Amino acid sequence: MEERTAGSSPSGGSRTGRNLPAAIAVGVGLGSLVIASLYTIKELFLIVVVAAVGVGTVELVRAFATRGIRVPVVPVLVALAAMQAGAYWGGPVWLLGTFVVFAFVMLIWRMFSDGTDGYVRDATASVFLLAYPPLLAGFVALLLAPPDGPSRVVVFIAVTVASDIGGYIAGVLFGRHQMSVISPKKTWEGFAGSVAACMAVGAWLVVWLFDGAIWQGALIGALGAMLATAGDLIESMIKRDLGIKDLGTILPGHGGLMDRLDSLVTTLVPVWLLLSLFF
């Protein structure tokens, strides 16, 4: 969610450059799809995850190609599906094992595809795209696997979305101090709004869904806000290095799917870890 989460500086018109009605409509549509699949057949939700992350991965592959970096799409997408299945039915060991196996597959695949020139560059990018986002997305399956998995996924998604909404509102209303030159529209006031919103939503959901303590939910929210913002900045760095504004145009008002997934995939691991420790 690069350059949108933490607000922006005033420049006339829309302060974030976002088509807000379209963004809201898309957000509601995606949220409805997630909830409908999550609370009907859990495996159906995994298919939604594979499809969404698959599109985001293809967007990254195409973006890398604009700089002459060649990453084979087919093995990455197969690895994505295999890691989701391994994590859901086998747990963390299978997730890690599947990643390692496909990392070697990517290295060998490149050996026989485009000659020796650029091997280190392409192989490094291939393993990177195997980890970001497919490996990180595998933690969705780990969240979902327990009997209360849908509730865990709801906490993860709600906290991350709260970061976007809280940062947007606070940034638009109070944003004055630029947070980073990496993403000029982000402000410290917007970041504070992200943290406050995430802590409030995390505390509420943990008490409601798990009968946990307020501090547990607030901690999950605070960590989620920090990692969501880091995910935005990572995505901004990738796009700045590649010289592109958005990774795609599939979602009106949002950009590409990877522009929506950036903060989600970086928030996944700490939320999974804390929920596993607490409950």
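Keep in mind that this is a model prediction, so the values were computed, not measured.

Cut-offs and rules
- Residues numbered from 1 in each chain as written.
- Predicted model: local features only at pLDDT ≥ 70, side-chain atom pairs only at ≥ 80, totals over all residues.
- Heavy atoms only, no water.
- Helix = DSSP H or I, 4+ residues; strand = E, 2+ residues; numbered from the N terminus.
- Buried < 20%, exposed > 50% of the residue type's maximum accessible area, 1.4 Å probe, protein only.
- Contact = heavy atoms within 4.5 Å.
- Areas by Shrake-Rupley, 256 points an atom, 1.4 Å probe, with all protein chains shown as cover.
- Core = buried A, V, L, I, M, F, W, Y, C linked by side-chain atoms within 4.5 Å.
- Axes fitted to C-alpha atoms, helices over the stretch in contact; angles between N-to-C directions.
- Parallel < 35°, antiparallel > 145°, perpendicular 65-115°, else oblique.
- Left-handed = near helix turned anticlockwise from the far one by under 90°.
- Nonpolar A, V, L, I, M, F, W, Y, C, P; charged D, E, K, R; others polar.
- Expected span 1.5 Å × (residues − 1).
- Arc of directions from axis to C-beta.
- Salt bridge = Lys/Arg side-chain N within 4 Å of Asp/Glu carboxyl O.
- Polar contact = N/O pair within 3.5 Å; in protein donor to acceptor, adjacent residues only side chain to side chain.
- Phe/Tyr/Trp six-rings, centres within 6.5 Å; stacked < 30°, edge-to-face > 60°.

Our focus in this paragraph is the overall build of the chain. What the chain contains, in helices and strands, is nine helices and zero strands. Listed N to C, the secondary structure of the chain is α-α-α-α-α-α-α-α-α in terms of helices and strands. Taken across its 279 residues, the chain has 54% of its residues classed as buried. By sequence separation, contacts in the chain at least 24 residues apart represent 75% of the contacts at least 6 residues apart. Accessible surface, the chain: about 12200 Å² in total, of which carbon and sulfur atoms supply 75%.

The next point concerns the nonpolar core. Phe-45, Leu-60, Phe-64, Val-71 and Leu-130 are the most contacted members of the largest nonpolar core, which has 63 residues in total. Top contributing element to this core by residue count: helix H5 (residues 119-144), with 12 residues. When sequence neighbours within four positions are dropped, the list of residues in contact with Leu-60 reads Leu-129, Tyr-132, Pro-133, Ile-238, Leu-247 and Met-258.

It is at 8 Å that the axes of helix H3 (residues 73-90) and H5 come closest, and there the two elements cross at 25 degrees. Comparing their axes, H5 and H3 come out roughly parallel. Helix-helix and strand crossings are classified by hand; for H3 and H5 the assignment is right-handed. Between H3 and H5, the residues in contact are Val-76, Ala-79, Leu-80, Met-83, Gln-84, Ala-87 and Tyr-88 and Leu-129, Leu-130, Pro-134, Leu-135, Ala-137, Gly-138, Ala-141, Leu-142 and Leu-144, respectively. In the contact of H3 with H5, the residues fall into 14 nonpolar, two polar and no charged.

Another aspect to go through is helix H4 (residues 92-111). Taking 1.5 Å of rise per residue, 20 residues should cover 28 Å, and H4 covers 29 Å from first to last C-alpha, within 8% of that figure. Looking at H4, one finds that the buried residues are Leu-95, Thr-98, Phe-99, Phe-102, Ala-103, Met-106 and Arg-110. Down the axis of H4, the buried set is contained in an arc of 145 degrees. They therefore lie on one face. In H4, those exposed residues whose orientation departs by more than 90 degrees from the buried face are Val-93, Trp-94 and Phe-104. Check the buried side of H4 and you find it contacts H3 and H5.

For the rest of this paragraph, the subject is the packing of helix H7 (residues 188-210) against helix H8 (residues 214-242). Interaxial distance between H7 and H8 falls to 7 Å at its minimum, and their mutual angle equals 140 degrees. Remark: the crossing between H7 and H8 carries right-handed chirality. Contact residues: H7 offers Phe-191, Ser-194, Val-195, Cys-198, Met-199, Gly-202, Ala-203, Val-206 and Val-207, while H8 offers Ile-214, Gln-216, Gly-217, Ala-218, Ile-220, Gly-221, Ala-222, Ala-225, Met-226 and Thr-229. Looking at the contact of H7 with H8, its residues break down into 13 nonpolar, six polar and no charged.

With the rule as written, the count across this model stands at four salt bridges. Close ionic contact of Asp-122 with Arg-70 constitutes a salt bridge, the shortest N to O distance being 3.2 Å. Taken together, the residues span a long stretch of sequence, with Asp-122 in helix H5 and Arg-70 in the loop between helix H2 (42-65) and H3 at a distance of 52 residues. Assessed through its relative accessible area of 34%, Arg-70 is described here as partly exposed. Of the charged contacts, one joins Asp-148 and Arg-152 as a salt bridge, the two residues approaching to 2.8 Å between their closest N and O atoms. The buried category is assigned to Arg-152, whose relative accessible area is 7%. Here the salt bridges do not stand alone but share partners, grouping Arg-70, Arg-110, Arg-121 and Asp-122 into one network.

Its place among the elements puts Gln-216 in helix H8. A residue is classified by how much of its surface remains accessible, and Gln-216, at 12% relative accessible area, is buried. For Gln-216, the side chain forms a polar contact with the main-chain nitrogen of Ala-213, separated by 2.9 Å. In this structure Gln-216 touches Val-206, Phe-278 and Phe-279, once residues within four positions along its chain are discounted.

With that settled, consider the packing of aromatic side chains. What characterises a pair of aromatic rings is the spacing of the ring centres plus the angle enclosed by the ring planes. For the coordinates displayed, the defined rule picks out nine aromatic pairs. The interplanar angle of 10 degrees and the centroid separation of 6.3 Å between the aromatic rings of Phe-64 and Phe-128 together place this pair among those described as stacked. Placement of Phe-64 in helix H2 and of Phe-128 in helix H5 is noted, with a sequence separation of 64 residues between them. The class of Phe-64 is buried, set by a relative accessible area of 7%. Residues Phe-210 and Phe-279 carry aromatic rings whose centres are separated by 4.9 Å and whose planes lie at 15 degrees to one another, so their mutual orientation is stacked.

Read these as geometric descriptors, not functional statements.
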